Amino acid sequence: MSSGTAWLPDAARLRAYHTTLGAWAVMLHGAVFLQYDRQSGTRAAEQFGSINWLMAVATRSAGRGAVRVRAMVSAEPWTVTGRGYPELLQVAEPYQGTTVTDRQHPHDLVSELAVLYERPVGAAGLSLYLAPVGEPALGPVAYMHRPSAAYDPVAPLGHHMQDFTHISDGVATLGVFTRRFKVEGSVFNGAHPDEVRTDLDPVRLDAYGGRLSFSPSAGSSLTAWLGHIPASGGAHAHDALNRFGASFLHTRPVAGGGEWSTALVYGADLPAGAGHPLNSLLFETSLELARNALFGRAEYVRRTAVDLALVGSVSRELDIGQVSGGYARELRGRRVSSAVGVLATLYLVPAELELFYGSRTPVGVLVYLELRPALAAHGHVMPR
């Protein structure tokens, strides 16, 4: 169980609280990062804030199948403000009549509100996912739900080309699955959530996508996706585009009760009329050794001048990237686990952006205290 209907490897641990309410089995999980974020260079910025989310899933039997009610909320509209938190080279966003650059926007107050129904059909299973706010079958497991990013709260630079649809205002997904394979098709709202992060946007179904998932073993999950997002107007205007990509997630236990999780994600957008796609590639990994964790991420992204709000100043398309690494020390409690961590990021800036960023290798540093459930459960609330 992860974001939307995406599959994590079964071996991945899910830290969560479990209880029952009558016929319902309830699971709560999430994370709170209290952090200081400092970005260097000409576009230097700093912020004390909190990246956070809480997710609840209630499951019960329904006829021959099971129904799950899912909800995910975040306080980020207040804890990192509507402008978001500093992150160099991230996609520019409209905000209150201006354009905010080098920042990652907050998650919506309501990031998921969905119902999922699953039942056996012959030797396979059938699933139906309906959500006024949810995630379609387009993209990998969203970054905050990947075990490989459990200690890294910062959004990848390729987020908008890989999994930004994890918050879509209107989703309907039909899937057929076995223990190894799942095929899904979605219709969903292709518009980006507006800058008012505390309300629910109008539901519409104007985009579509499909995803194939394969779990060759308990420790691995492979996914490929393809979809179409129509042109959108308003402050978040964009041309129509086709989106495609693939991901590989792997998790295995290590001595001492830890685990080693890795993700490789390729995501691309092909805008209408373009002769080639805009590509992104991400590698991230997290190694837990007893109470210590080492984690890192490396990215390549083909970004447009529009994405950087530098139209007319630089080439139409530019290659950017980043390499980051961090360390966290877990302080275990009976009910709540805390971890103190530090993350350092080296941004890779092309020569023609050096004037704007003051360096070809500006640096970002994030220091945090993370809070999350202390209890660990393996696999899913209900087995596949």
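No experiment lies behind these values; they were computed from the predicted model shown.

Considering the overall build of the protein
Counting its regular elements, the protein contains three helices and 23 strands. Relative to the compact-globule value of 21 Å for 384 residues, the protein shows a C-alpha radius of gyration of 20 Å, a close match. The principal-axis extent of the C-alpha atoms belonging to the protein is close to 60 × 50 × 35 Å. Buried positions account for 53% of the 384 residues belonging to the protein.

Let's talk about unusual backbone geometry
Notably, Thr81 is not glycine yet its phi reads approximately 70°, a positive angle. Take Thr81: it is sitting in the loop between helix H1 (76–79) and strand E6 (85–86). At Gln96, a residue that is not glycine, the phi angle is positive and equals roughly 50°. Assignment of secondary structure puts Gln96 in the loop between strand E7 (93–95) and strand E8 (98–100).

Concerning the packing of aromatic side chains
Each aromatic ring pair is summarised here by two numbers: the centre-to-centre distance and the angle between the ring planes. Enumeration according to the criterion identifies six aromatic pairs in this entry. Between Phe33 and Trp53, the aromatic rings sit 6.4 Å apart at their centres with planes inclined by 40°, giving tilted as the arrangement. In this pair, Phe33 is assigned in strand E3 (residues 24–39) and Trp53 in strand E4 (residues 45–62), connecting sequence segments 20 residues apart. Its relative accessible area of 10% is what places Trp53 among the buried residues.

A short note on the nonpolar core
Counting 26 residues, the largest nonpolar core has Trp53, Tyr85, Tyr151 and Tyr368 as its most contacted members. Breaking this core down by element, the ones donating at least two residues are E3, E4, strand E19 (292–304), strand E21 (336–348) and strand E22 (363–373). The biggest single contributor to this core is E4, with four residues. The next biggest cluster of nonpolar side chains, apart from the first, holds 16 residues, and it includes Leu88, Tyr347, Val349 and Tyr357.

About the cut-offs
Per chain, residues are indexed from 1 in the order of the written sequence. In view of the model being predicted, local features appear only for residues whose pLDDT reaches at least 70, and side-chain atom pairs are presented and counted only at 80 or more, with totals across whole chains, interfaces and linings using the full set of residues. Heavy atoms from the whole structure form the basis of all side-chain values; hydrogens and water molecules are not counted. Helix and strand definitions here come from DSSP, where helices need a minimum of 4 consecutive H or I residues and strands a minimum of 2 consecutive E residues; each element is numbered from the N-terminal end. Taken over C-alpha atoms, the radius of gyration is set against a globule rule of 2.2 Å times the number of residues to the power 0.38. Each residue is assigned to one of three classes by its accessible area relative to the maximum for its type, calculated with a 1.4 Å probe on protein chains only: buried under 20%, partly exposed between the two thresholds, exposed over 50%. Ring pairs shown here join Phe, Tyr and Trp side chains whose ring centres sit within 6.5 Å, with only the six-membered ring taken for Trp; geometry is labelled stacked below 30 degrees between planes, edge-to-face above 60, and tilted in between. Put simply, buried Ala, Val, Leu, Ile, Met, Phe, Trp, Tyr and Cys residues joined by side-chain atoms within 4.5 Å make one nonpolar core.

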